[in-house]
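What follows is the residue order along each chain.
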Amino acid sequence: MTKLSRFAAEKSPDEIIIGKLGKVRGLDGTLKIIPLTDFENRFDGLTEIFVGGKIFQVEGVKNLGGEIFIKFKGIDNREVAKTLTNKFLTVNRSDAAPLDDGEFYTFDIIGCEVFDGEKNLGVVKNVLKTGSNDVFEVSGEKEILIPALKSIVQKIDVANKKIFVNSRMLEEV
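Every chain is numbered on its own, with residues counted from 1 as its sequence reads. Whole-chain, interface and lining totals are the exception, using all residues; otherwise, since this is a predicted model, local features are given only for residues with pLDDT of at least 70 and side-chain atom pairs are given and counted only at 80 or more. Side-chain figures throughout are based on the complete set of non-hydrogen atoms in the structure, without hydrogens or water.

A word on the overall build of the protein
Then, in step 1: Under the scheme used here, helices are H or I runs from DSSP no shorter than 4 residues and strands are E runs no shorter than 2 residues, and both carry numbers assigned from the N terminus. A tally of helices and strands in the protein yields two helices and 12 strands.
Then, in step 2: Summarising its shape, the C-alpha atoms of the protein cover approximately 60 × 30 × 30 Å along the three principal directions.
Then, in step 3: For each residue, the accessible area found with a 1.4 Å probe, counting protein chains only, is set against the maximum for its type, and the residue is called buried under 20%, exposed over 50%, and partly exposed in between. Classification of the 173 residues of the protein by burial places 38% in the buried group.
Then, in step 4: Here, residues are in contact when the closest pair of their heavy atoms is within 4.5 Å. For the protein, long-range pairs separated by at least 24 residues make up 50% of all intrachain contacts whose partners lie at least 6 apart in sequence.
Then, in step 5: Shrake-Rupley sampling with a 1.4 Å probe provides the accessible areas, and residues are treated as covered by the protein chains on show and by no other component. A total accessible area of about 10,100 Å² is found for the protein, and carbon and sulfur atoms account for 48% of it.
Then, in step 6: For the protein, the centre of its 25 positive side-chain charges and the centre of its 27 negative side-chain charges are spaced 6 Å apart. For the purpose of counting charges, residues Lys and Arg are taken to be positive, whereas Asp and Glu are taken to be negative. His and the chain ends are not included. To locate a charge, take atom NZ for lysine, CZ for arginine, CG for aspartate or CD for glutamate.

Encoded structure:
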């Protein structure tokens, strides 16, 4: 799953956010990438990417000491690179990393209505990463945290933006 992006309004529905540009490194226009993806090698081999809705050609990507840096063609100095700081890196949805059966992107989960039988519990506002399993933060009549466990989440229908849960199992967690 791609990590949560609270900035979905800055992209089209056909794009997914995979990172954000951080501070400039050095004088040649290289920028730090703040990854917003679970796929660590997602930036390897990139030739082009959208930055703030505009396409850029990638000159190179380097992993230095656990941090990822990107250099764009035509961005050759620190001042120009600074104008890209805090902009999001997006790719076309068709270029998204493939998922296994039963896996979903976080951006597809956020905004789904959650149902327990016929009862609407609210809408997923956030997906929390806890290490052992994700937790859906649901906002409705009251705020609910729902562990993304097979025993609780019965069905995820991203096409119709609906998630079906068995809330009786929540009491056992």
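Comments concerning the nonpolar core
Then, in step 1: By size, the foremost hydrophobic cluster in this structure holds 23 residues, and its most contacted members are Leu-21, Leu-31, Ile-49, Val-51, Phe-72, Leu-84 and Leu-89.
Then, in step 2: Of all the secondary-structure elements, those providing two or more residues to this core are strand S1 (15-25), strand S2 (30-35), strand S3 (48-51), strand S4 (54-64), strand S5 (67-72) and strand S6 (88-92).
Then, in step 3: At four residues, the largest contribution of residues to this core is made by S1.
Then, in step 4: Beyond its immediate chain neighbours, meaning those up to four positions away, Val-51 contacts Leu-21, Phe-56, Phe-72, Leu-84, Lys-87, Phe-88 and Leu-89.
Then, in step 5: Counting 14 residues, the second-largest nonpolar core is a separate cluster that includes Leu-121, Val-138, Ile-144 and Ile-146. Nonpolar core, defined: a set of buried Ala, Val, Leu, Ile, Met, Phe, Trp, Tyr and Cys residues in which side-chain atoms within 4.5 Å join the residues together.

Some words on the pattern of salt bridges
Two side chains with opposite charge may pair up if their charged atoms get near one another.
Then, in step 1: For this document, the term salt bridge refers to a Lys or Arg side-chain nitrogen within 4 Å of an Asp or Glu carboxyl oxygen. What the rule picks out here adds up to five salt bridges.
Then, in step 2: Between Asp-108 and Arg-93 there is a salt bridge, with the nearest N and O atoms lying 2.8 Å from each other. Here Asp-108, found in helix H2 (residues 106-109), pairs with Arg-93, found in the loop between S6 and H2; they are 15 residues apart in sequence, far enough to count as distant.
Then, in step 3: Given a relative accessible area of 15%, Asp-108 falls into the buried group.
Then, in step 4: Across the pair Lys-129 and Asp-134 runs a salt bridge whose closest N-O atoms are separated by 3.4 Å.
Then, in step 5: Accessibility expressed as a relative area gives 41% for Lys-129, which makes it partly exposed.
Then, in step 6: Connected through salt bridges with shared partners, the residues Glu-59, Lys-71 and Asp-76 form a single ionic network.

With respect to the side chain of Arg-42
Then, in step 1: Here Arg-42 is to be found in the loop between S2 and S3.
Then, in step 2: According to the relative accessible area criterion, Arg-42 is buried, its value standing at 15%.
Then, in step 3: Not counting the four nearest positions on each side in its chain, Arg-42 is found in contact with Ile-18, Thr-37, Val-91, Asp-95 and Ala-96.

Considering the packing of aromatic side chains
Then, in step 1: Two rings belonging to Phe, Tyr or Trp (six-membered ring only in the last case) form a pair when the distance between their centres is within 6.5 Å. Interplanar angles under 30 degrees mark stacking, angles over 60 mark edge-to-face geometry, and anything in between is tilted. Within this structure, the stated rule accounts for three aromatic pairs.
Then, in step 2: Between the aromatic rings of Tyr-105 and Phe-107, the centroid separation amounts to 5.0 Å while the plane-to-plane angle is 10°, which identifies the pairing as stacked.
Then, in step 3: By relative accessible area, which is 8% here, Tyr-105 ends up buried.

A few points about the sheet that holds S3
Paired through their backbone hydrogen bonds, the strands of a sheet run either parallel or antiparallel.
Then, in step 1: Each pair of strands is called paired provided DSSP finds at least two bridges between the two strands. Taking strand neighbours around the barrel as the criterion, the six strands line up as S1-S2-S5-S4-S3-S6 in a closed arrangement whose pairing is antiparallel. Across the sheet, the mean angle from the axis of one strand to that of its neighbour is 50°, orientation sign disregarded.
Then, in step 2: Pairing analysis gives six bridges linking S4 to S5, with the strands arranged antiparallel. Its bridge partner being in S5, Val-58 is matched across the sheet by Phe-72. What counts as an axis is a line fitted to C-alpha atoms, over the stretch in contact for a helix, and the angles between N-to-C directions run from 0 to 180 degrees.

As for the environment of Asp-116
Then, in step 1: Position of Asp-116 relative to the elements: it lies in strand S7 (residues 113-116).
Then, in step 2: In the structure, Asp-116 is positioned 38 residues away from Gln-154 in sequence and 9.5 Å away in space, judged by C-alpha atoms.
Then, in step 3: If we skip the residues at most four places from it in the chain, Asp-116 touches Leu-121, Val-165, Asn-166 and Ser-167.

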